[in-house]
Amino acid sequence: METMEMVHILDHPLLQHKLSILRNKETSVKDFRQLVSEISTLMCYEATRDLPLIEVEVETPLATTKVNRLGGKKLAIVPILRAGLGMVDGILNLIPSARVGHIGLYRDPESLAPVEYYCKMPADIFDRRAIIVDPMLATGGSAIAAIQFLKGYGCQDIKLMNIIAAPEGIRAVREAHPDIPIYCAHVDDCLNEHGYIVPGLGDAGDRIFGTK
Ligand code: PRP
Ligand code: URA
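Just so we're clear, the structure is a prediction, and the values are computed from it rather than from any experiment. (Residues numbered from 1 in each chain as written. Chains lettered and ligands numbered in written order. Predicted model: local features only at pLDDT ≥ 70, side-chain atom pairs only at ≥ 80, totals over all residues. Heavy atoms only, no water.)

Near ligand 1 there are 16 residues, and of these Arg-107, Asp-134, Thr-139, Gly-140 and Ser-142 occur at the shortest range. Ser-142 is positioned such that a nitrogen or oxygen atom in its side chain is 2.6 Å from an oxygen atom of ligand 1. In isolation ligand 1 has 500 Å² of accessible area, and contact with the protein removes 90% of it. Among the detected pockets, ligand 1 sits in the largest pocket. (Near = heavy atom within 4 Å. Polar contact = N/O pair within 3.5 Å; in protein donor to acceptor, adjacent residues only side chain to side chain. Areas by Shrake-Rupley, 256 points an atom, 1.4 Å probe, with all protein chains shown as cover. 1 Å grid on protein atoms, 1.4 Å probe; cavity = no way out; pocket = protein on both sides within 12 Å on 5 of 7 lines; lining within 4 Å. Sits in = over half its atoms within 2 Å of the grid points.)

Now for a nonpolar patch on the surface. Among the surface-exposed residues, Tyr-106, Tyr-117 and Tyr-118 lie close enough to one another that they form a single nonpolar patch of about 330 Å² accessible area. In this fold, Tyr-118 is placed in strand S8 (residues 114–120). Of the residues examined, Tyr-118 reaches a relative accessible area of 40% and is grouped as partly exposed. (Patch = residues over 30% accessible without salt bridge, like charges linked within 9 Å, V, L, I, M, F, W, Y side chains within 5 Å. Salt bridge = Lys/Arg side-chain N within 4 Å of Asp/Glu carboxyl O. Helix = DSSP H or I, 4+ residues; strand = E, 2+ residues; numbered from the N terminus. Buried < 20%, exposed > 50% of the residue type's maximum accessible area, 1.4 Å probe, protein only.)

It is worth spelling out the packing of aromatic side chains at this point. In this structure the tally under the stated criterion is one aromatic pair. Residues Tyr-106 and Tyr-117 carry aromatic rings whose centres are separated by 6.0 Å and whose planes lie at 35° to one another, so their mutual orientation is tilted. With Tyr-106 in strand S7 (residues 102–107) and Tyr-117 in strand S8, this residue pair connects regions lying 11 residues apart in the sequence. Note on Tyr-106: relative accessible area 43%, which makes it partly exposed. Of the residues examined, Tyr-117 reaches a relative accessible area of 43% and is grouped as partly exposed. Across the ring face of Tyr-196, the terminal group of Arg-107 is positioned such that the distance to the ring centre comes to 5.7 Å. (Phe/Tyr/Trp six-rings, centres within 6.5 Å; stacked < 30°, edge-to-face > 60°. Lys NZ or Arg CZ within 6 Å of the ring centre and 35° of its normal.)

What follows is the structure, encoded as structure tokens:
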């Protein structure tokens, strides 16, 4: 894992292999969905490395021993709708008791500014570690708005997880929220004139839900 300040590029070979299939325009909706889920599981494994542990005692069939369990705040996964939904199950595979908060945002096709249409958080979101998930970090507008929402709810421990990030999006999030760590599997070249990540994988929401 490379670390540039707060930006973690998760370059595990399994992740890179799965990402190579995800990018292929011939990949079916079914396989795309499955790969997003698998990639999310692998990314979650890396992004939760710093979770605190507490020592407890258990009795094995042979002896009493001290073991480590997850301690501290509970987790919340916060997908940015729609495409972020595709990442939720893969993370819940590893952390089945995590709560899920939803933020509905879409990009205005002209201005590329995020437009909010839905928001529903667990009641105790302020007391949880939150991981915002969205496959694509393009201009960064959606991620910046989502982080702002969570901060507004009182969240103090927030991470952002994207499968592919554009340099522009990383820069914008770092400027707006320098305290928030970003985890991604690849930083691509640039955005095109329509705000799409190049080479990217196209429209993640459309490819997950088969809407194009
Ligand atoms: C996509 C993507 C992000 C956003 C990234 O969502 O899933 O949420 O664009 O772009 P940004 O960094 O420039 O904000 P989109 O608006 O296409 O909505 P969808 O998930 O409903 O398809
Ligand atoms: N949203 C996507 O789904 N893909 C991009 O390349 C940029 C924003």
